[in-house]
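An overview of the molecular structure
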Amino acid sequence: MDYGIYFAYWEEEWNTDQKKYISKVKELGFDVLEISCAMLKDASERELQEMRRMAEDAGVKLTAGYGPSAEENLASHDEAVVANAIAFYTDILKKLEILDIHTLGGGVYSYWPVDFSKSIDKAGDWERSVANVRKVGRIAEACGVDYCLEVLNRFEGYLINTCEECLEFIKQVDVPAVKVMLDTFHMNIEEDSMIEAILLAGDKLGHFHVGENNRRLPGKGGLPWYQIGMALRAIGYNKNVVMEPFVKSGGTVGSDIKVWRDLSKGATMKKLDEDAAESVTFLKNVFSGPNGDYQSNLLSSRQ
């Protein structure tokens, strides 16, 4: 497994220059930097090529995440919105190809954050989203990108809240590039068992986000990391494990994520860096243990 972190751990705004984090994450012990597609909307090919070279020179893999706006909603009943969304993803996926990015994850089947003051038509939105994700998924496949649908908790999304729902969704889409994305923060809210959800995802798991029950760095909360690591090894997961901690209040990031108190406890940039380095060391340790009887039992108990 390759271990990464989302740039927004250090930032208050989504649309910011994220190139500066390439060398930083390498120095802190990470293999992967996850960027936001927000920074790519107006990026030129020259800028994309520069970022790709920076990542290659540093030996850092790039992945991408995104929370689509309401104007980029593939589940919308408004045909103009859907047309705009498909054009947006077509552009972004071609830019990811230039960047040599092979994983895009997030609520890329609906929009985020959801406006729950509006009426919810889950059945209708599901049908529309399946059809439109199928179209975008084929574009992603042509660009060499895994299009990973993030299972979100009920307070941030309504269309896909559990791994089981996501598996049914991608079955209906029926495009190999469209995969499941799980996130421990959301799983802790929605799944009866995070371990069972990972085992259920199996080889359909395309991307994995990690964060504590309170969205702090792994190791600073109460989630069962050893068992999570065992479950990932039991399904043979060898892709990216990306931390998505949100510890700073303020700005658009703090507002969107609903961070209303300083979870960093007044940490300086140096302290944030030290905490991230300690967390990735911790996670590599607990996730890279030897295969044992527990893993065998995990699988045999479900057969």
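Rules behind the numbers
Here the residue index of a chain counts from 1 through its sequence in written order. Restriction of local features to residues with pLDDT of at least 70 applies here, the model being predicted, together with a cutoff of 80 or more for giving and counting side-chain atom pairs; totals for whole chains, interfaces and linings are based on all residues. Note that water and hydrogens are dropped before the side-chain values are worked out from all heavy atoms of the structure. Side-chain atoms within 4.5 Å link the members of a nonpolar core, which is a set of buried Ala, Val, Leu, Ile, Met, Phe, Trp, Tyr and Cys residues. Using a 1.4 Å probe on the protein chains alone, a residue whose accessible area is under 20% of its type maximum counts as buried, one over 50% counts as exposed, and one in between counts as partly exposed. Put simply, DSSP H or I for four residues or longer makes a helix, DSSP E for two residues or longer makes a strand, and each gets a number counted from the N terminus. Contacts are assigned to residue pairs that have any heavy atoms within 4.5 Å of one another. Lining residues are those with an atom within 4 Å of a point, where the points come from a 1 Å grid over the protein atoms alone and group into cavities, where a 1.4 Å probe fits but cannot get out, or pockets, open sets with protein on both sides within 12 Å along at least five of seven lines. Grid points are joined across faces, edges and corners, and a volume is the space filled by probe spheres set on the points. Residues are grouped as follows: Ala, Val, Leu, Ile, Met, Phe, Trp, Tyr, Cys and Pro are nonpolar; Asp, Glu, Lys and Arg are charged; every other residue, Gly included, is polar. Distance and chemistry together define a polar contact, namely a pair of N or O atoms within 3.5 Å, with one atom able to donate a hydrogen and the other to accept it when in protein, and with adjacent residues in sequence counting only for side-chain atoms on both sides. Between N-to-C directions, angles span 0 to 180 degrees; the directions come from axes that are lines fitted to C-alpha atoms, helices contributing only their stretch in contact. By definition in this entry, angles of less than 35 degrees are roughly parallel, angles greater than 145 are roughly antiparallel, angles of 65 to 115 are roughly perpendicular, and the rest are oblique. We call a crossing left-handed when the near helix sits turned anticlockwise from the far one by less than a right angle, and right-handed when that turn is clockwise.

1. Some thoughts on the nonpolar core
If you look at the biggest cluster of nonpolar residues, it comprises 103 residues, and the most contacted ones within it are Trp14, Leu96, Tyr147, Leu149, Leu182, Phe208 and Phe287. The greatest single-element share of this core, amounting to eight residues, is contributed by helix H3 (residues 79–98). Leaving out residues up to four positions away in the same chain, Phe208 has contacts with Leu182, Thr184, Met187, Ile198, Ile228, Leu232, Tyr237, Asn240, Val241 and Val242.

2. Let's talk about the layout of surface pockets
If you add up the space inside the largest pocket, you get close to 390 Å³. Only strand E2 (32–36), strand E3 (61–66), strand E4 (103–106) and helix H9 (251–257) provide two or more residues apiece to the lining of the largest pocket. Tallying contributions element by element places H9 first for the lining of the largest pocket, with three residues. Residue composition of the lining of the largest pocket, by class: 11 nonpolar, 10 polar and eight charged.

3. Focus on the side chain of His207
Within the secondary structure, His207 is located in strand E7 (residues 205–210). For His207, a relative accessible area of 0% translates into the label buried. A polar side-chain atom of His207 sits 2.8 Å from a polar atom in the side chain of Glu34. With near-sequence residues (within four places) excluded, His207 lies in contact with Glu34, Thr63, Thr103, Cys148, Val180, Met181, Leu182, Tyr237, Asn240 and Val242.

4. Observations concerning the packing of helix H5 (residues 163–173) against helix H7 (residues 194–201)
Where H5 contacts H7, the axes come no closer than 9 Å and their chain directions differ by 15°. Judged by the angle between their axes, H5 and H7 are roughly parallel. Classified by chirality, the crossing of H7 by H5 is right-handed. Along the contact surface, H5 presents Cys163, Glu164 and Leu167, while H7 presents Ala197, Leu200 and Ala201. Tallied by class, the residues present in the contact of H5 with H7 amount to five nonpolar, no polar and one charged.

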